[in-house]
Amino acid sequence: MKATTGEKKVHMHKKVFLSSICLGVALTGTVLLLSAGAIAQESNSSQPPQEFLEPLEFTKPDPLLPEMPGKRELTPAELEALAPALDQLNAEAAALLQAGKKLQAFNTWNRELRLRRFFGYLAEVEALTRVGNIARKQSQTTEMQLIAQRLQAIQLEAETEAKVPADPKLLQALGAAFVEVAAREQAVGIYQQILAAARASEDMPALEATLTALAQLHFGGLDYSQAAATYEELLVLNQKKSNRTQQDILNEGLYLEKLAFLYDKTEQHQKSLEVREKLLNRYRAAQNPVPVPALKIAMGEDCQGLNRLQQAAQYYQEAYALAWALQQFARAGEALQKLGALYLAQKKPQEALQVYQALLVVQQRGSDFYGLMNTYDQIGTLNLERKAYPQALAAFQKGLEIARQLKYQEDYFESKIQGVSQQRNR
């Protein structure tokens with residue numbers, strides 16, 4: 001067979017593959033395929049043979065193939081005879097991996113993959129996806145890179161032959177395969193092509209599925225602004241449906257939760273607050289109070305980001321009250337800590353002291369001893385600042401008692417107590 005454009009492209013990258021494989025040898029101490037001595041015996045060149053560099057490319061005839069002097073395609077009968085042999089190679093590779101022989105296993109899979117290309121792009125991509133999944137689970141980075149390179153070659157060949165527009169199944173398979181080997185940029189490019197086709201044909205199910213795939217890719221790649229834009233479109237599509245299913249309702253909640261997180265990451269506090277209001281309404285309609293305390297704490301943070309401090313304080317108070325009623329003591333403590341810090345930032349030490357006194361009760365109920373120790377420290381410091389020495393001394397002494405139980409920060413509290421005593425005696 002005449003070398004294709006994709007094969008030439010893969011060949012251009014053989015030095016990159018060599019560097020990656022040699023690094024793997026250095027890290028694992030495993031001799032791969034041929035020892036340096038064997039290589040030296042076979043060639044005077046310092047470069048290893050081609051099969052070492054390009055395990056997914058043919059370098060010599062395979063015993064499973066018929067004689068092919070003209071590099072021809074296989075006949076249907078020959079393909080039918082070859083298929084079970086390739087399935088057997090897959091089974092042998094799986095058995096080798098199970099036996100702990102990773103190198104031999106992936107060598108066998110690579111042989112299978114070389115032969116799969118005789119069955120066409122789609123069958124080869126499906127096989128590459130299967131082996132790529134195994135390579136990812138086994139942390140075989142070099143194998144994943146090799147598969148990604150072959151997928152790119154297939155994409156280029158198919159586009160050159162103008163087969164991609166006529167075969168949406170191949171596009172879908174390529175997208176899934178790139179995802180499997182963590183080639184995010186290439187996967188995004190494929191799904192954007194699929195998205196354009198779905199928009200042009202107004203195929204709503206395909207549009208929704210493709211946007212979901214893109215949203216996950218953007219999210220996983222920490223491209224938060226693109227992820228937010230994609231989830232916004234998914235939310236609009238979801239809400240436009242005339243007959244929404246239970247799954248659509250669940251998806252709406254998922255999109256809102258994702259958007260709240262993404263708006264936080266991009267510091268879009270107003271959008272985040274609006275999305276969380278919608279989530280709050282959903283929880284109320286479902287009579288599900290369990291997630292509400294955490295949600296109201298987040299809404300308080302949004303209000304702080306918008307400098308709506310009174311509204312922030314109200315959200316924290318509501319979060320504390322509901323969390324206490326639900327016996328979510330850790331969440332109640334978190335709300336009070338946020339509220340106390342807010343009052344301190346507003347130079348309201350008396351209000352902060354009242355909050356920290358309530359926080360002690362919550363932490364006692366939740367058996368949060370480290371939290372108690374830190375809260376006594378905060379109370380002691382606030383009382384010391386207002387020269388309320390007896391109250392400061394009592395708080396630091398309580399903190400010392402807990403510190404001794406925990407065997408942690410004992411010297412710190414002892415120095416605090418000593419400092420209070422010295423200031424009292426001045």
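Residues numbered from 1 in each chain as written. Predicted model: local features only at pLDDT ≥ 70, side-chain atom pairs only at ≥ 80, totals over all residues. Heavy atoms only, no water.

K.L.:
Hey, could you run me through the overall build of the protein chain in this one?
P.N.:
What the protein chain contains, in helices and strands, is 21 helices and zero strands. Going through the 426 residues of the protein chain one by one, you find that 41% of them count as buried. A total accessible area of about 23000 Å² is found for the protein chain, and carbon and sulfur atoms account for 52% of it. (Helix = DSSP H or I, 4+ residues; strand = E, 2+ residues; numbered from the N terminus. Buried < 20%, exposed > 50% of the residue type's maximum accessible area, 1.4 Å probe, protein only. Areas by Shrake-Rupley, 256 points an atom, 1.4 Å probe, with all protein chains shown as cover.)

K.L.:
Could you clarify how one ought to interpret the environment of Gln 317 in this entry?
P.N.:
Relative to the helices and strands, Gln 317 is located in helix α16 (residues 309–325). Sequence spacing of Gln 317 and Pro 293 is 24 residues, and the spatial spacing of their C-alpha atoms is 9.8 Å. In this structure, Gln 317 is in contact with Leu 339 and Tyr 343, ignoring residues within four places of it in sequence. Within the structure, Gln 317 has its side chain in polar contact with the side chain of Tyr 343 (distance 3.2 Å). (Contact = heavy atoms within 4.5 Å. Polar contact = N/O pair within 3.5 Å; in protein donor to acceptor, adjacent residues only side chain to side chain.)

K.L.:
Even after reading the chapter, I still don't get the nonpolar core, so can you show me in this structure?
P.N.:
The biggest cluster of nonpolar side chains holds 102 residues, and the ones touching the most others in it are Trp 109, Val 125, Leu 151 and Leu 174. Tallying contributions element by element places helix α20 (residues 389–406) first for this core, with eight residues. Ignoring any residue separated from it by four or fewer positions in sequence, one finds Leu 151 in contact with Val 125, Leu 128, Leu 174, Ala 177, Phe 178 and Val 181. Membership of the second largest hydrophobic core comes to nine residues, among which are Met 68, Leu 74, Leu 82 and Leu 86. (Core = buried A, V, L, I, M, F, W, Y, C linked by side-chain atoms within 4.5 Å.)

K.L.:
Any chance you could explain the packing of aromatic side chains here in plain terms?
P.N.:
Two descriptors summarise a pair of aromatic rings, namely the distance from one centre to the other and the angle between the planes of the rings. This model, assessed by the stated rule, comprises nine aromatic pairs. Aromatic pair Phe 219 and Phe 261: ring centres 5.5 Å apart, planes at 45°, arrangement tilted. Placement of Phe 219 in helix α11 (residues 204–220) and of Phe 261 in helix α13 (residues 246–265) is noted, with a sequence separation of 42 residues between them. Phe 219 gets classed as partly exposed once you look at its relative accessible area, which sits at 22%. Taking the centre distance of 5.2 Å and the plane angle of 85° together, the rings of Tyr 412 and Phe 413 count as edge-to-face. Residue classification places Phe 413 among the buried residues on the basis of a relative accessible area of 0%. (Phe/Tyr/Trp six-rings, centres within 6.5 Å; stacked < 30°, edge-to-face > 60°.)

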